[in-house]
Amino acid sequence: MICLIGVGRMGGHICSNLVRAGYQVRAYDVDPGRRVTAWAGGARFADSAESAAAGADVLITVLPGPEEVSDVVGDAVLQALASNATWIDMSSNTPTDAEPLRRRATTHGVSVLDAPMGGSPTDAAAARLRLFVGGEGDVLARHQPLLSAVATRVTHVGGHGAGYTAKLLVNLLWFGQAVATAEALLLAQRAGIDVDVLAKTLASSPASSAFIRDDLPSLLAGDYLTSFGLDHILDQLAAVTALAERLGTPHSLADAVRRVHEDALKRYGPVDGELLAVALLEERAGTLLRSAPQPGE
């Protein structure tokens, strides 16, 4: 039995894919309206986190951030799990916030894997997520079939907390690439270069990146990727700079990326939009990055 806590945009698809793979799933979400999502995916829906966890062999959390995880994963939930159970945290968490919870889980005999995910709700629906896993290799091997039911790439990046750190660094670089690309395109536009031409040039140049190849077309279509909250993005970027500060590594560029997103949060508030920092840069430049409409549009 799997206990899945968090049946939102990502968790709902994960729930459905686990059921489709033959697992029994008992779900819970603080939003009771999401019971319909759980039922539609073939899972049962519990009235509390504790009842969802009762006797479960695996606890999976798919939550927005550290605060939501710590609010849910307490002693009552951990005690309710079956003996020798495993907790797999797929949330957008940080190693610092998660460590006290991991130690608490260990005192209850619960093994822990941090497995934050990369991908969109579309990727979650198609079971093609990317998981960055931290924890013991034998625990990962035991649950590889389960993780493969929701992801196409499961990478063991190291010990406890390494998965969280790897995902934070992936996010830092993606958001950094978004900001740098937007600045370059705005400069090109002001200098009289066609944005579409430069975008295609960058995609086939040494400056290319996954952002330019895969995500820039959405931006040029006016899509700011409203699948994740700007406040949670800033939390993650702040966690990266705090970690760099604690470990004594340079982080001037990370600070710059964080500050742009901090300004965007002040401007737009805690709304969804992974590319709202770009919207802020557009506003400051007094222009929009948009592809020219095609004939017939």
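From a predicted model like this one, the values you see are computed outputs, not experimental measurements.

(A) Broad picture of the packing of aromatic side chains. Taken as a whole, this structure holds three aromatic pairs when the rule is applied. Judged by centre distance (6.3 Å) and plane angle (35 degrees), the rings of Tyr 28 and Phe 45 are tilted. Residue Tyr 28 is located in strand β2 (residues 25-28), and its partner Phe 45 is located in strand β3 (residues 44-45); the two are separated by 17 residues in the primary sequence. Residue Tyr 28 shares its accessibility class with Phe 45, and that shared class is buried. An angle of 80 degrees between the planes, with centres 5.4 Å apart, marks the rings of Trp 174 and Phe 211 as edge-to-face. Here Trp 174, found in helix α9 (residues 162-190), pairs with Phe 211, found in helix α11 (residues 210-220); they are 37 residues apart in sequence, far enough to count as distant. One aromatic cluster in this structure is built from Trp 174, Phe 175 and Phe 211.

(B) Inspection of helix α6 (residues 95-107) at higher detail. Given a rise of 1.5 Å per residue, 13 residues ought to cover 18 Å, and the 18 Å separating the end C-alpha atoms of α6 matches this to within 8%. Restricting attention to buried positions, one finds in α6 the residues Pro 95, Ala 98, Leu 101 and Ala 105. All buried residues of α6 lie within an arc of 125 degrees about the axis, which places them on one face of the element. Those residues of α6 that are exposed and aimed more than 90 degrees away from the buried face are Thr 96 and Thr 107. Residues of α6 that are buried in the fold lie against α4 (66-72), α5 (75-80), β5 (86-89), β6 (111-114) and α9. Once α6 ends, the next one or two residues include Gly 109, with phi positive near 75 degrees.

(C) Local environment of the side chain of Glu 282. Along the chain, the position of Glu 282 falls in helix α14 (residues 276-285). Since its relative accessible area comes to 2%, Glu 282 is described here as buried. Engagement of the side chain of Glu 282 in a polar contact is seen with the backbone nitrogen of Leu 289, the distance being 2.7 Å. Aside from chain neighbours lying at most four places away, what touches Glu 282 is Leu 186, Tyr 224, Thr 287, Leu 288, Leu 289 and Arg 290.

(D) The arrangement of helix α8 (residues 137-148) in detail. The terminal C-alpha atoms of α8 lie 15 Å apart, and with 12 residues this matches the ideal 16 Å at 1.5 Å per residue to within 8%. Three or more residues of α8 are buried, namely Val 139, Leu 140, His 143, Leu 146 and Leu 147. Down the axis, α8 shows its buried residues gathered within 105 degrees of arc, on one side only. Residues Asp 138, Ala 141 and Pro 145 are exposed on α8 and point more than 90 degrees away from its buried face.

(E) Highlighting the state of the cysteines. In the structure shown here, the tally under the stated rule is zero disulfides. Sulfur of Cys 3: no disulfide; nearest cysteine sulfur belongs to Cys 15 and is 11 Å away. Its relative accessible area of 0% is what places Cys 3 among the buried residues. Cys 15 gets classed as buried once you look at its relative accessible area, which sits at 0%.

What counts, and at which threshold
- Residues numbered from 1 in each chain as written.
- Predicted model: local features only at pLDDT ≥ 70, side-chain atom pairs only at ≥ 80, totals over all residues.
- Heavy atoms only, no water.
- Phe/Tyr/Trp six-rings, centres within 6.5 Å; stacked < 30°, edge-to-face > 60°.
- Helix = DSSP H or I, 4+ residues; strand = E, 2+ residues; numbered from the N terminus.
- Buried < 20%, exposed > 50% of the residue type's maximum accessible area, 1.4 Å probe, protein only.
- Expected span 1.5 Å × (residues − 1).
- Arc of directions from axis to C-beta.
- Contact = heavy atoms within 4.5 Å.
- Polar contact = N/O pair within 3.5 Å; in protein donor to acceptor, adjacent residues only side chain to side chain.
- Disulfide = S-S within 2.5 Å.

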